[in-house]
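# Survey of secondary and tertiary structure
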Amino acid sequence: MTVTASASETRPPVQRWLLVWALALAAVLVVFLLQDRLPWAVNYPAEAVVPVADWVSALMRWIKSNLSWLTRSITAVLGVPLDFALNLLAKSFKIGHGADAYVLPRLSWVGVCAVAFIAGHAVGGRKLGILVGGCFLYIALFGQWTSAMLTLALISIAVPFCIVTGLFAGIWAWRKPWAERLIVSPALDLMQTIPTFAYLIPMLLLFGNSPVSAMIATAIFATPPMVRATMLGLSRVPSEIDDFSEMAGCTARQKLWRVLLPSARPILMVGVNQVIMLALNMVIIASMIGAGGLGYDVLLALRALKVGEAMEAGLAIVALAIALDRLSQAIAHKQAKGQTHQAVSPVFWRRYPHLTLALAILAATTLLSLYVPAFAAVPKAITFTTAPLWKAAVNWITINFFDVIEAFRVALILNVLNPLRAFCEGFPWLGAVALLGLAGYQLGGLRLAALVAALTAFCAVTGLWEKTMATVYLCGISAFIACLIGIPIGLMAARSDRFEKIVTPIIDTLQVLPSFCFIIPVVMLFRVGDVTAMIATIAFAVVPAIRYTNHGIRQVPPALIEAAKVSGCTPRQTFFRVQLPLALPEIMLGVNQTILMALAMIIICAMVGTRDLGQEVFIALSKADSGRGIVAGLAIAFIGIVADRLFNAWTAKARARLG
């Protein structure tokens with residue numbers, strides 16, 4: 001009787017929503033069929049476009065004219081530590097002027113490789129030491145040392161700045177819930193969804209084409225994970241520890257710095273790891289405004305279509321990324337595990353033996369570099385290149401499989417991409433605003449509906465509707481295919497420990513690869529265009545779909561699985577009727593992350609000829625048009641925020657329904 005009553009209570013709302021959606025879709029269809037009579041509802045009128053880009057450009061010109069003293073001061077202050085790091089790792093120190101100038105050498109490459117091994121050994125044992133030291137040695141032997149050290153110097157200054165800024169912002173947001181809700185969270189959403197290219201435009205205009213501009217853009221882009229990690233870590237400190245610190249008579253400041261932050265250190269170290277990886281990714285892109293380094297080498301090689309040089313620079317980026325990622329992960333793991341307290345010696349070298357050894361090696365090898373040229377720069381005799389091999393491999397594939405590749409590319413364009421693009425670009429803007437607003441109302445109420453509708457309408461009223469829909473089409477199909485590939489792989493990994501051991505290192509490697517590295521091999525085989533962008537985006541965005549699906553299935557409580565088996569369910573029934581429904585919210589979070597990563601990659605793919613919002617940002621960067629670039633960047637960010645809010649609301653409803 002109870003079941004029947006509850007079913008009768010839930011059926012009418014479902015039927016009502018089905019009717020509402022049927023009427024809404026019918027209304028959109030009518031608008032599309034009557035587009036000759038209602039052209040303003042399909043294509044936003046050009047005369048009604050709000051000139052937001054002009055307003056932003058005027059604001060940026062005013063800032064540049066009236067606050068140039070501030071930007072020059074910031075450049076001068078930040079330039080001091082940055083120049084020191086660049087001279088220490090990649091260039092050299094010049095003391096004096098003219099013929100009497102004395103040159104102090106940069107750190108020896110031999111010493112840096114040895115210190116990398118020592119650092120890895122100190123935090124993760126011999127295997128990690130060999131991996132980290134091997135990555136640096138690989139960079140040296142492939143002739144990428146100076147470029148890699150330019151990149152590392154920029155990261156070494158940007159990352160501490162991000163960590164300190166993110167730590168204080170996170171503490172403030174944790175202490176002031178209103179600030180977290182009204183200021184910090186919206187700011188973080190914008191910072192993480194605005195495309196990386198869009199950061200470069202105001203930096204270029206305000207600070208010029210210099211490493212300082214690249215460092216500031218990197219710091220802005222890489223700070224959000226540290227803020228979120230700080231808020232999460234402090235909120236997860238057990239209340240017993242908080243109470244104990246108050247009972248011990250700690251002041252608020254002592255409790256924060258001596259009790260709460262040390263207790264949250266494992267989660268904070270995860271945030272540091274994410275800051276390092278984002279900073280490395282952004283430094284590569286920031287090479288377009290003066291950062292130099294490996295990213296600049298990749299850009300030059302891509303522009304000249306030099307396959308081998310692009311692959312070598314890209315692999316050097318991968319080696320640097322793997323070394324920094326594994327090193328920071330090991331430090332985080334060591335902090336989480338906790339260290340046994342030993343007697344502390346007053347002698348420095350006994351307290352810090354690894355640090356003392358590293359400093360001694362750096363000093364000795366750098367001093368030797370004054371007299372032994374092989375210690376100063378990597379000798380040409382021991383370097384080697386695989387550029388001809390990469391070029392020959394791509395040429396061989398192109399010659400022998402050109403017909404197959406071209407047939408696949410043309411068929412995909414004609415039968416899938418072009419029809420889907422035409423559908424999206426012809427979709428009425430008013431209908432899209434209404435349907436997304438309706439979805440927001442159904443999932444989260446009036447506030448979510450208003451937010452989603454307003455952000456969608458922004459893309460139309462700024463005159464970017466066609467470009468927006470081109471972005472949605474390419475991002476949508478890439479994310480869809482990534483989910484079609486990633487979710488089944490995640491399901492198989494969840495059901496087989498052996499398969500998971502095979503998949504995990506692959507997706508870990510994909511996660512540390514900078515975005516440029518996905519474009520290089522694909523563009524060589526499929527040339528520029530939407531197909532190249534789609535394939536590179538799928539490879540970049542597939543990781544969250546695999547990881548979240550695997551985690552979602554594995555986190556289903558064992559008691560529920562045992563209950564299903566006791567009830568007589570077969571393994572297949574247990575999987576499809578118990579594990580999969582309970583893991584669905586987690587899987588949908590993975591889908592959400594896949595969409596956001598696809599959106600981020602689509603923008604970078606503007607370099608290979610896509611015609612969407614990414615192209616708008618790219619053109620604005622080349623012309624230093626701040627208004628055009630920032631408005632296009634905001635439109636991209638709003639697409640990501642709309643997708644994120646709708647999926648989060650759906651996931652919250654699903655979790656509430658499943659208890």
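In this report, the structure presented in the accompanying data block is examined. (Residues numbered from 1 in each chain as written. Predicted model: local features only at pLDDT ≥ 70, side-chain atom pairs only at ≥ 80, totals over all residues. Heavy atoms only, no water.)

### Here's the deal with the overall build of the protein
When you go through the protein residue by residue, the secondary structure sums to 29 helices and two strands. Whereas a compact globule of 659 residues would reach a radius of gyration of roughly 26 Å, the protein reaches 27 Å, a difference of no more than 12%. Projected onto its principal axes, the C-alpha coordinates of the protein cover approximately 85 × 60 × 60 Å. Restricting the contact set of the protein to residue pairs at least 6 apart, pairs at least 24 apart contribute 80%. As displayed, the protein has an accessible area near 33200 Å², and 68% of this comes from carbon and sulfur atoms. A gap of 6 Å separates the mean positions of the 49 positive and 30 negative side-chain charges of the protein. (Helix = DSSP H or I, 4+ residues; strand = E, 2+ residues; numbered from the N terminus. Rg over C-alpha atoms; globule rule 2.2 N^0.38 Å. Contact = heavy atoms within 4.5 Å. Areas by Shrake-Rupley, 256 points an atom, 1.4 Å probe, with all protein chains shown as cover. Lys, Arg positive; Asp, Glu negative; His and termini not counted. Charge placed at Lys NZ, Arg CZ, Asp CG, Glu CD.)

### Observations regarding the pattern of salt bridges
Scanning the model with the defined rule gives eight salt bridges in all. Between Arg-409 and Glu-406 there is a salt bridge whose closest N-O contact spans 2.8 Å. Separated by three residues within a single helix, Arg-409 and Glu-406 lie in helix α19 (residues 387–425), roughly one turn from each other. With respect to class, Arg-409 is no different from Glu-406; both count as buried. The partner of Asp-644 in a salt bridge is Arg-645, and the shortest N-O contact between them spans 2.9 Å. Accessibility expressed as a relative area gives 13% for Asp-644, which makes it buried. (Salt bridge = Lys/Arg side-chain N within 4 Å of Asp/Glu carboxyl O. Buried < 20%, exposed > 50% of the residue type's maximum accessible area, 1.4 Å probe, protein only.)

### Comments concerning the environment of Leu-451
Its location among the elements puts Leu-451 in helix α21 (residues 446–461). The spatial distance from the C-alpha of Leu-451 to the C-alpha of Ile-641 is 9.6 Å, given a sequence separation of 190 residues.

### Side note on a nonpolar patch on the surface
Judged by side-chain polarity, Ile-95, Tyr-102, Leu-104, Leu-367, Leu-368, Leu-370, Tyr-371 and Val-372 come together as a nonpolar surface patch covering roughly 780 Å² of accessible area. For the nonpolar patch, the elements supplying multiple residues, two or more each, are β2 (102–104) and α17 (353–368). Relative to the helices and strands, Leu-370 resides in the loop between α17 and α18 (373–376). (Patch = residues over 30% accessible without salt bridge, like charges linked within 9 Å, V, L, I, M, F, W, Y side chains within 5 Å.)

### As for helix α10 (residues 224–235)
In this model, α10 (12 residues) spans 17 Å end to end at C-alpha, consistent with the 16 Å of a helix rising 1.5 Å per residue. A large share of α10 lies buried, amounting to nine of its 12 residues. Every buried residue belonging to α10 is among Pro-224, Pro-225, Met-226, Val-227, Ala-229, Thr-230, Met-231, Gly-233 and Leu-234, and all of these are buried. Taken together, the buried residues of α10 touch α6 (145–175), α7 (177–193), α9 (211–222), α12 (252–263) and α13 (265–285). (Expected span 1.5 Å × (residues − 1).)

Remember that the coordinates give geometry; whether it matters functionally is a separate question.
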